[in-house]
Amino acid sequence: MASLCLIRFSKDVLRPSNLIRGSLRAACLPLHQTKVEYCVWHNGDLLQTGSTSQIISSRNAGFFTRLTAEELWSGVTGVSNQGKKRGRGRNIRGRIVDLNRGQRLGEGRVPMVWPGLTVSPTKGSEYQKLRELEPNPNREEKLLAARVKTNKGRFKISSLERGWSGARFPGMSIGPPDPINDYTFEGFDSRVLEYKMVANVTGNMGKRMRASVMVVTGNGNGLAGFAVAKAPLGRTAIRKAKNKAAQRLLYVERYNNHTVYHNMYNKEQQTALYIEKAAAGAGLRCHRVIKTICEVIGIKDLKVKVEGSARNYQNITKALFDALRNQETHQDLADRLKLNVVEYQNNMENVPIVVARPTTGTVTKDQKPQDENLDFDNLYYNGRVPYKKPKKIPFFQKQKPYKKKWFQLYKSRNQADARRERCVLGIEPSAKELSKRNLPLK
């Protein structure tokens, strides 16, 4: 900090510089000498002019330079422990303003060109010179606008990019993995399945906190993989897990590109999954972790029941990928049992349709395996059957008026739906066609 004094003498002064030095030494201030022009006046008349040394007081360290910005703000907006217990200072953090927001290194109130800092040191074959630019009248307004913009609140995320619980990482999309050499993961998307803090207590380092992240990545066309990574910083752990998952890709077979081939059962430690195939348009009725994985893989219709530990996301993910990797296609089943695989569909009036035939021949009725469970719904459950809660019957169905009305409508039940299907299949003419037929001939 510098101070500049204008001294007017009332009598002759031979050595004014010594007087200035003595007065400033008495104030115990650090001195810096610079050559400056001076003049001596006596009763309004100019007596002498010349050059001498100007004494400037400066302080390189002070109250504002010893403390950090956080310490200064805590002194202004701080609340004592007793005040915190009584609920004071709840909105203190909203009053703190980052005064460095919007500023750039090398730019101040007076715009200057600093070679090597704000501009390139050279321009062509010539060196840039330090020079002053024209003042910017809108600088203060832009700084205030930048500070107000950053203090509006939490950064909002679009609804399509949010996770399971708002702005938290689990369930959030983090983009495709990083490219490997010349290969870029086009069409891939990565989702965070688990984000938690873990600690490792050591004898010399104490408690070491790290972020543990599990990420699944896939292209939505049957190719997917997952991985778990740890790092001191959360962003670093997410990047490591995403790139590691891209190196562990697995291709999942899908039936008609919308569901699995058959029902499955798999267990990982204390977590058991009962996976059931679903018809087209049924959607995903399952745990949110399984739903996110199916969206990344490209499975659109599935029903999964989780038994045991439903909060261990790593076991759920491992059990699901293990079951999808070990599923058997219709052709593999036909080759293993030497039997034709037949499917009954409700939309085709339950007409048997052969979906796979054995490649090396079939077996006769007497040669079919006796110890094999040929019930397709329970073929891959390993002797287990998932518990299905019985449908609760409404109380009014047990009343006599309801039974009487149902008996009257019994003979005409489902006739409207059956006639609509016959009209669609062309077996029976529709009402519009019948009205055309009843028109008189021209």
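These figures come from a predicted structure and were not determined experimentally. (Residues numbered from 1 in each chain as written. Predicted model: local features only at pLDDT ≥ 70, side-chain atom pairs only at ≥ 80, totals over all residues. Heavy atoms only, no water.)

1. Regarding the overall build of the chain
Link 1 in the chain: When helices and strands are counted, the chain shows 12 helices and 16 strands.
Link 2 in the chain: With 442 residues in all, the chain has 26% of them scored as buried.
Link 3 in the chain: For the chain, restricting intrachain contacts to residue pairs at least 6 apart in sequence, the fraction spanning at least 24 positions comes to 50%.
Link 4 in the chain: Counting every atom, the chain has about 32,700 Å² of accessible surface; 51% of that belongs to carbon and sulfur. (Helix = DSSP H or I, 4+ residues; strand = E, 2+ residues; numbered from the N terminus. Buried < 20%, exposed > 50% of the residue type's maximum accessible area, 1.4 Å probe, protein only. Contact = heavy atoms within 4.5 Å. Areas by Shrake-Rupley, 256 points an atom, 1.4 Å probe, with all protein chains shown as cover.)

2. With respect to the packing of aromatic side chains
Link 1 in the chain: Across all of its chains, the model carries 10 aromatic pairs by this definition.
Link 2 in the chain: Members of the aromatic cluster, joined through ring pairs, are Y183, F185 and F188.
Link 3 in the chain: The positively charged end of K277 is found above the aromatic ring belonging to Y255, 4.5 Å away from the centroid. (Phe/Tyr/Trp six-rings, centres within 6.5 Å; stacked < 30°, edge-to-face > 60°. Lys NZ or Arg CZ within 6 Å of the ring centre and 35° of its normal.)

3. So, the side chain of S190
Link 1 in the chain: Among the structural elements, S190 can be located in strand β7 (residues 189-202).
Link 2 in the chain: Here the side chain of S190 touches G175 through a polar contact of 3.0 Å, landing on its backbone oxygen.
Link 3 in the chain: Not counting residues up to four positions away in its chain, the partners in contact with S190 are M172, S173, I174, G175, P176, P177, V215, V216, T217 and K242. (Polar contact = N/O pair within 3.5 Å; in protein donor to acceptor, adjacent residues only side chain to side chain.)

4. Thoughts on the environment of A237
Link 1 in the chain: Residue placement: A237 occurs in helix α6 (residues 234-246).
Link 2 in the chain: Taking relative accessible area as the criterion, A237 reaches 0% and is therefore assigned buried.
Link 3 in the chain: Taking the C-alpha atoms as reference points, A237 and R210, separated by 27 residues in sequence, lie 8.8 Å from one another.
Link 4 in the chain: Excluding its chain neighbours within four sequence positions, the residues that come into contact with A237 are A211, V213, A229, K230 and A231.

5. Things to note about the pattern of salt bridges
Link 1 in the chain: Under the counting rule described, the total for this entry stands at 11 salt bridges.
Link 2 in the chain: With a shortest N-O distance of 3.5 Å, R191 and D189 are connected by a salt bridge.
Link 3 in the chain: With a shortest N-O distance of 3.7 Å, E295 and R191 are connected by a salt bridge. Of this pair, E295 sits in helix α7 (residues 288-297) while R191 sits in strand β7; the two residues are 104 residues apart in sequence, bridging distant segments of the chain.
Link 4 in the chain: Under the relative-accessibility criterion, E295 is labelled partly exposed at 39%.
Link 5 in the chain: Judged by relative accessible area, which is 18%, R191 ranks as buried.
Link 6 in the chain: Several salt bridges share partner residues, and in doing so they unite D189, R191 and E295 into one network. (Salt bridge = Lys/Arg side-chain N within 4 Å of Asp/Glu carboxyl O.)

6. Details of helix α8 (residues 313-325)
Link 1 in the chain: Taking 1.5 Å as the rise per residue, α8 with 13 residues should run 18 Å; its terminal C-alpha atoms sit 18 Å apart, in good agreement.
Link 2 in the chain: Here α8 lies mainly inside the structure; 10 of its 13 residues are buried.
Link 3 in the chain: Buried residues of α8: Y313, Q314, N315, I316, T317, A319, L320, F321, A323 and L324, and no others. (Expected span 1.5 Å × (residues − 1).)

7. Brief notes about a nonpolar patch on the surface
Link 1 in the chain: A cluster of nonpolar residues, L105, W114, L117 and L130, forms a patch on the protein surface that exposes about 440 Å² of accessible area.
Link 2 in the chain: With respect to the element layout, L130 can be found in the loop between β5 (126-127) and β6 (131-132).
Link 3 in the chain: The class for L130 is exposed, based on a relative accessible area of 52%. (Patch = residues over 30% accessible without salt bridge, like charges linked within 9 Å, V, L, I, M, F, W, Y side chains within 5 Å.)

8. Regarding the sheet that holds strand β11 (residues 264-268)
Link 1 in the chain: As summarised here, the arrangement of the four strands in space is β11-β12-β14-β13, forming an open sheet in which the pairing is mixed. Edge positions in the open sheet fall to β11 and β13 (284-285), since each of these has one partner strand only.
Link 2 in the chain: The sheet contacts of α8 involve β11, β12 (271-277) and β14 (302-308), and relative to β11 the element is tilted by about 140°. (Pairing = 2+ DSSP bridges. Axes fitted to C-alpha atoms, helices over the stretch in contact; angles between N-to-C directions.)

9. Here we look at the pairing of β7
Link 1 in the chain: Summarising the sheet, β7 and strand β8 (residues 206-218) pair through 13 bridges and their orientation is antiparallel. Looking across to β8, one finds that V192 is bridged to V215.

10. Focus: the side chain of R254
Link 1 in the chain: Along the chain, R254 turns up in the loop between β10 (250-251) and β11.
Link 2 in the chain: No salt bridge is formed by the buried R254; its nearest oppositely charged neighbour, E253, is found at 7.6 Å.
Link 3 in the chain: Among the polar contacts made by the side chain of R254, one reaches the side chain of N257 at a distance of 3.5 Å.
Link 4 in the chain: At a separation of 3.1 Å, a polar atom in the side chain of R254 contacts the main-chain carbonyl oxygen of G298. (Lys, Arg positive; Asp, Glu negative; His and termini not counted.)

11. What about the nonpolar core?
Link 1 in the chain: Of all hydrophobic cores here, the largest spans 27 residues; its most connected members are I275, I293, I297, I299, L302 and L324.
Link 2 in the chain: Going through the elements one at a time, β8, β9 (223-231), β12, α7, β14 and α8 are the ones with two or more residues in this core.
Link 3 in the chain: With seven residues, the single largest contributor to this core is α8.
Link 4 in the chain: For I297, the contacting residues outside a window of four places in its chain are G220, N221, G222, L223, A224, V252, R254, F321 and L324.
Link 5 in the chain: M172, A229, A231 and I238 belong to the second-largest nonpolar core, a separate cluster that totals 12 residues. (Core = buried A, V, L, I, M, F, W, Y, C linked by side-chain atoms within 4.5 Å.)

12. Focus on the state of the cysteines
Link 1 in the chain: This structure, assessed with the given rule, holds zero disulfides.
Link 2 in the chain: Free cysteine C294: the closest other cysteine sulfur is in C286, separated by 5.2 Å. (Disulfide = S-S within 2.5 Å.)

13. Quick notes on the confidence of the model for the chain
Link 1 in the chain: When pLDDT is averaged across the chain, the result is 81; 79% of the residues are at 70 or more.
Link 2 in the chain: Below a pLDDT of 50 lies the segment residues 1-33, which in the model reaches 49 contacts outside its immediate sequence neighbourhood of four places, other chains included. (pLDDT = per-residue confidence, 0-100.)

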